[in-house]
Amino acid sequence: MASAPLKAQLTDLLNSMFAMDFLDEQFKELQMLEEASGPGFLAEVVTLFCGDAERIISQLSVLINEPVVDFGKVDANVHQLKGSSSSVGAKRVALVCVKFRNVCQENDKEGCIAALHEIRHEFDELHKKFQTMLQLEQQIQVLDSK
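Every value quoted in this text rests on a predicted model; they were computed, and no experiment measured them. Within each chain, residue numbers correspond to sequence positions counted from 1 in written order. It should be noted that, the model being predicted, local features are given only for residues of pLDDT at least 70 and side-chain atom pairs only at 80 or more, the latter also being counted only at that level, while totals for whole chains, interfaces and linings use all residues. The basis for every side-chain value is the complete set of non-hydrogen atoms in the structure, without hydrogens or water.

## So, the nonpolar core
As a reminder of what qualifies: Side-chain atoms within 4.5 Å are what join buried Ala, Val, Leu, Ile, Met, Phe, Trp, Tyr and Cys residues into a set we call a nonpolar core. Note on classification: 1.4 Å probe, protein chains only; a residue is buried when its accessible area is under 20% of the maximum for its type, exposed when over 50%, partly exposed between these limits. By the criteria applied, helices consist of DSSP H or I runs no shorter than four residues and strands consist of E runs no shorter than two, each listed in order from the N terminus. Only heavy atoms matter for contacts: two residues are in contact if any of them lie within 4.5 Å across the pair.
If you look at the biggest cluster of nonpolar residues, it comprises 43 residues, and the most contacted ones within it are Leu23, Phe27, Phe49, Val74, Phe100, Leu126 and Phe130. Among the secondary structure elements, those contributing two or more residues to this core are helix H1 (4–19), helix H2 (25–37), helix H3 (41–64), helix H4 (71–88), helix H5 (91–105) and helix H6 (109–144). Residues contacting Val74, with those up to four places away along its chain left out, are Leu60, Leu63, Ile64, Val69, Phe100 and Cys104.

Set out below in structure tokens:
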């Protein structure tokens, strides 16, 4: 089977993502749903999450850089990102969102700026790993369909 090395690489990637706490049990639930729903389900969920997270992080950047920060709007956006992250199993992003919400509720602009940088970093790392995962899955599908 030509896809065996790619499947091993995908397994190693996912195992490292769990070991490094990028992902949690919720992601495993999505993997099981993909088995029931068919190929492409997980890719669609991950792609939607990444697009959503990118949009929210950009919006947070705009809100935090306003002369007068509306901490209520910032908190609402962080809450939305936390929900999206939790539902896809993005553990580290969700954990940083909790910290972000805490500094936001204290109306701490500098704390929010630092938390935004941390969220950006965690999301960027996760996004790279998700892209690699999706590329491997796509290559496996191509080889298995031959």
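## Describing H4
Selection criterion: Multiplying 1.5 Å by the residue count of a helix minus one yields the expected span of that helix. Here a polar contact is taken to be a pair of N or O atoms separated by no more than 3.5 Å, where protein atoms must pair a possible hydrogen donor with a possible acceptor and residues adjacent in sequence count only if both atoms sit in side chains.
Compared with an ideal rise of 1.5 Å per residue, which puts 18 residues at 26 Å, H4 spans 26 Å between its outermost C-alpha atoms and is within 8% of the ideal. Of the surrounding elements, those touching the buried residues of H4 are H2, H3, H5 and H6. The backbone nitrogen of Gly72 lies 3.1 Å from a side-chain oxygen of the residue at the head of H4, namely Asp70. Once H4 ends, the next one or two residues include Gly89, with phi positive near 85 degrees.

## Details of the UniProt feature "modified residue: Phosphohistidine" (unreviewed entry) in the protein chain
Quick note on the threshold: UniProt positions are given in the numbering used here, feature names are shortened, and annotations may be inferred rather than shown by experiment.
UniProt records the feature "modified residue: Phosphohistidine" (unreviewed entry) for His79 in the present numbering. Summarising the element assignment, His79 is placed in helix H4. Taking relative accessible area as the criterion, His79 reaches 46% and is therefore assigned partly exposed.

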